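Inside the fold
One-letter residues, chain by chain:
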There are 2 protein chains.
Amino acid sequence: MKPYIIAIDLGGTTVKNGLFTKEGELLEKWEIPTRREEKGAHILPDIAAFVRGLLREKQISPEEVQGAGVGIPGPVDEGGYVKGCANLGWGRTNAAGILSELLSGIPVFVGNDAGVAALGEQWKGSGSGHDSLVMVTLGTGVGGGIIEKGHIVNGAHGAGGEIGHLTVNPEETKSCGCGRKGCLEQYASATGIVRLAEEALAVPGAVSVLSGKKDLEAKDIFDAAKSGDALSQGCVETMGRLLGRALSWLSLVSDQEIIVVGGGVSKAGPIVTDTIAKYYRAMSFYAVKETPIVTAKLGNDAGICGAARLVMTEMPA
Amino acid sequence: MKPYIIAIDLGGTTVKNGLFTKEGELLEKWEIPTRREEKGAHILPDIAAFVRGLLREKQISPEEVQGAGVGIPGPVDEGGYVKGCANLGWGRTNAAGILSELLSGIPVFVGNDAGVAALGEQWKGSGSGHDSLVMVTLGTGVGGGIIEKGHIVNGAHGAGGEIGHLTVNPEETKSCGCGRKGCLEQYASATGIVRLAEEALAVPGAVSVLSGKKDLEAKDIFDAAKSGDALSQGCVETMGRLLGRALSWLSLVSDQEIIVVGGGVSKAGPIVTDTIAKYYRAMSFYAVKETPIVTAKLGNDAGICGAARLVMTEMPA
């Protein structure tokens, strides 16, 4: 079997690249900037130029590379097409085909970034040893990836695992970025919890250590909640209640073995998973009440680990 | 390849049995009663006795049977164990192992009945030609089955596709049979829609053609709604809104190609799928707004068709 795997985690700001052995050992990793100008036309050529340079430097021929896996911040359909990616400026793009051509025919496999991160956590992280899992990524938005029998659930329209846009509050009057109202992302992302706090602080007579603080960040709210600030605790409870609700639904749809919580917000520590678990267990169907809810382990490496794993799982035998 | 497949649809009142060719043609079907006394201890021996008699009569030897598929009204885990089935009086049961032993070693494959019916519709019914689908069965309760890449999604705890217990109304004060509150089943089953109508009729001053009618059934409400009865139309709208909401969530979790609506309630005609679709499309995420919502085709044969298909899809090559 060919000895190397290339892993690429394509983000809106940087592209993370990893060189793995075919056994899945990470040998080295690098970052290059994501050039989004001209509708993202430079992105794949930049990646290809970097990878070709890397292979030259390491004296690895393309024939020694099994494949390249790529995580992409947009929906990917079962055929491997990126359905469009506002963040990169892309419309519908055959990213796998284009990149493979730029890389002398190295087979390329693409997946949605949240699904790829979930695959990484299932392989080497908190989901290790589990066949199915959901990973919810609490960052600027709320991403979700579902793994079943070791494969990413892309869905027929690339919306598999798009749990950030589950309508958790049909009574909401403010709009989500997607144009709908009451999406999980409006409450459970870093941006969402800041919005919850700002709204609570704006109520006349609100009392909080955060009153008057400028440029509020999610971390401030978790820190204040941990130190006993009731207003901040209320925001954390709202976030946990709505996440617990959404995850209780997931367990009645695909019923995963384990729930992994990652992303910047999860760095606030056990307060995040504990609050989610409290509401999840209180409202879940009996058969799935005890599904473990754990914090992700791989941090920023989840993407490249999952991209390497994508090659291992999707490569035709 | 062995020429015959046995299909068994095990219900709380009757067991439907079908004899299929290995190509999937239904040759003949029969029904026997389900004896639930003594904690359902007679059920599998009764089925085995019937099947043995049938094979004798048809002069088919057990060696000519590829396998038997069984749909069971309870959760089935990935290992093929029935996790318990209140309806039959069963606790955790290795139904496949027991029945196989009673049938001279014919391989037996079991699945949750809603999942098996979904597999039937995907194979020969409204989902034909689609790789993934969800089937929601609106009967006494609300059942759900999800098919992905041609296989039933059982889930890690046998709760895959248990969409009748999705919490669609966290504000509900009345309890569902499962002990929780606000489950989809409380509004979208035959029982649920009757309850909605009875509650609306009990409001002082309620005006409806159904006022004073005894032993209300779901059909009465749909008939009244079609003839312009506003109170009944309101009940149908509530049912459709909550089903549309739940299905919009499914499309952001497993994102199926098509949604199939079956069960007794679906016999009311296009009013059911039209009302569901109206709300589904209004509230769905852009990528999944156009997922087709269609009525099931196979009726009572969905179970035996799916059970036969289960043998074809799960039999190790």
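Only a predicted model underlies this, so the values are computations on that prediction, with no experimental measurement involved.

Definitions and limits used
Residues numbered from 1 in each chain as written. Chains lettered and ligands numbered in written order. Predicted model: local features only at pLDDT ≥ 70, side-chain atom pairs only at ≥ 80, totals over all residues. Heavy atoms only, no water. Helix = DSSP H or I, 4+ residues; strand = E, 2+ residues; numbered from the N terminus. Rg over C-alpha atoms; globule rule 2.2 N^0.38 Å. Buried < 20%, exposed > 50% of the residue type's maximum accessible area, 1.4 Å probe, protein only. Areas by Shrake-Rupley, 256 points an atom, 1.4 Å probe, with all protein chains shown as cover. Lys, Arg positive; Asp, Glu negative; His and termini not counted. Charge placed at Lys NZ, Arg CZ, Asp CG, Glu CD. Least-squares fit on C-alpha atoms with pLDDT ≥ 70 in both. Contact = heavy atoms within 4.5 Å. Pairing = 2+ DSSP bridges. Axes fitted to C-alpha atoms, helices over the stretch in contact; angles between N-to-C directions. pLDDT = per-residue confidence, 0-100. Buried area = accessible area lost by both parts, 1.4 Å probe. Salt bridge = Lys/Arg side-chain N within 4 Å of Asp/Glu carboxyl O. Polar contact = N/O pair within 3.5 Å; in protein donor to acceptor, adjacent residues only side chain to side chain. Phe/Tyr/Trp six-rings, centres within 6.5 Å; stacked < 30°, edge-to-face > 60°. Lys NZ or Arg CZ within 6 Å of the ring centre and 35° of its normal.

1. Focus on the overall build of chain A
Helix and strand counts for chain A come out as 10 helices and 10 strands. The C-alpha atoms of chain A give 20 Å as radius of gyration, which agrees with the globular expectation for 317 residues (20 Å, within 12%). Along the first, second and third principal axes, the C-alpha set of chain A runs to 65 × 45 × 35 Å. Within chain A, the proportion of its 317 residues that are buried is 58%. On chain A, roughly 12,600 Å² of surface is accessible, and the fraction owed to carbon and sulfur atoms is 51%. For chain A, the centre of its 30 positive side-chain charges and the centre of its 36 negative side-chain charges are spaced 2 Å apart.

2. As for the relation of the copies chain A and chain B
With an RMSD of 0.0 Å, chain A superimposes on chain B once it is rotated by 180 degrees and translated 0.0 Å along the axis. In symmetry terms, the pair is related by a two-fold rotation axis. Of the interface residues in chain A, 100% have counterparts in chain B that sit at the interface too, so the contact is made through matching surfaces.

3. Some words on the sheet that holds strand S5 (residues 108-112) of chain B
The strands making up a sheet associate through backbone hydrogen bonding, with each pair oriented either parallel or antiparallel. Residues and elements named next belong to chain B. Spatial ordering of the open sheet is given by S3-S2-S1-S4-S5, a layout of five strands whose pairing is mixed. Lying at the two open borders of the sheet, with one neighbouring strand each, are strand S3 (26-33) and S5. Across the sheet, the mean angle separating the axes of adjacent strands is 15 degrees when strand polarity is ignored. Here five bridges tie strand S4 (residues 65-72) to S5, and the two strands are oriented parallel to one another. The residue bridging Gly-69 from the neighbouring strand is Phe-109, located in S5. Of the strands in this sheet, strand S1 (4-10), strand S2 (14-21), S3 and S4 are in contact with helix H2 (residues 43-58), which crosses S3 at around 140 degrees. Contacts from helix H3 (residues 95-102) reach S1, S4 and S5, with the element oriented near 145 degrees to S5.

4. Describing helix H7 (residues 218-226) of chain A
Residue and element names in this part refer to chain A. For H7, the full list of buried residues reads Ala-218, Asp-220, Ile-221, Phe-222, Ala-224 and Ala-225. As for H7, its buried residues are in contact with helix H6 (190-202), helix H8 (230-251) and helix H9 (270-283). Residue Gly-228 follows H7 closely and has a positive phi angle near 100 degrees.

5. Looking at unusual backbone geometry
With a phi angle near 55 degrees, A:Ser104 is a residue other than glycine that sits in the positive phi range. With respect to the helices and strands, A:Ser104 occurs in the loop between helix H3 (95-102) and strand S5 (108-112).

6. Notes on the confidence of the model for chain A
For chain A, per-residue confidence averages 95 on the pLDDT scale, and 100% of positions sit at 70 or higher. Across the interface, the model reports ipTM at 0.91; the global pTM reads 0.93.

7. Quick notes on the environment of A:Glu199
Residue and element names in this part refer to chain A. With respect to the helices, strands and loops of the structure, Glu-199 is situated in helix H6. A residue is classified by how much of its surface remains accessible, and Glu-199, at 34% relative accessible area, is partly exposed. Separated by 36 residues in the primary sequence, Glu-199 and Cys-235 place their C-alpha atoms 9.8 Å from one another.

8. Considerations on the interface of chain A and chain B
Listed by partner, the interface residues are 40 residues for chain A and 40 residues for chain B. Of all residues in chain A, A:His157, A:Leu252 and A:Val253 bury the most surface against chain B, accounting for 22% of the area lost on that side. The interface formed by chain A and chain B holds zero salt bridges in total. Scanning the region where chain A abuts chain B turns up 20 residue pairs in polar contact (both at pLDDT 80 or more).

9. Observations regarding the packing of aromatic side chains
Throughout the structure, instances matching the rule amount to seven aromatic pairs over all chains. Consider the rings of A:Trp249 and B:Trp249, whose centres lie 3.3 Å apart with planes at 15 degrees: the pair is stacked. Here A:Trp249, found in helix H8, pairs with B:Trp249, found in helix H8 (residues 230-251), and the two come from separate chains. Both residues of the pair, A:Trp249 and B:Trp249, belong to the buried class. The ring of A:Tyr81 carries A:Arg92 above its face, with NZ or CZ at 4.0 Å from the centroid. One Lys or Arg, A:Lys124, reaches over the ring of A:Trp123 and ends 4.8 Å from the middle of that ring.

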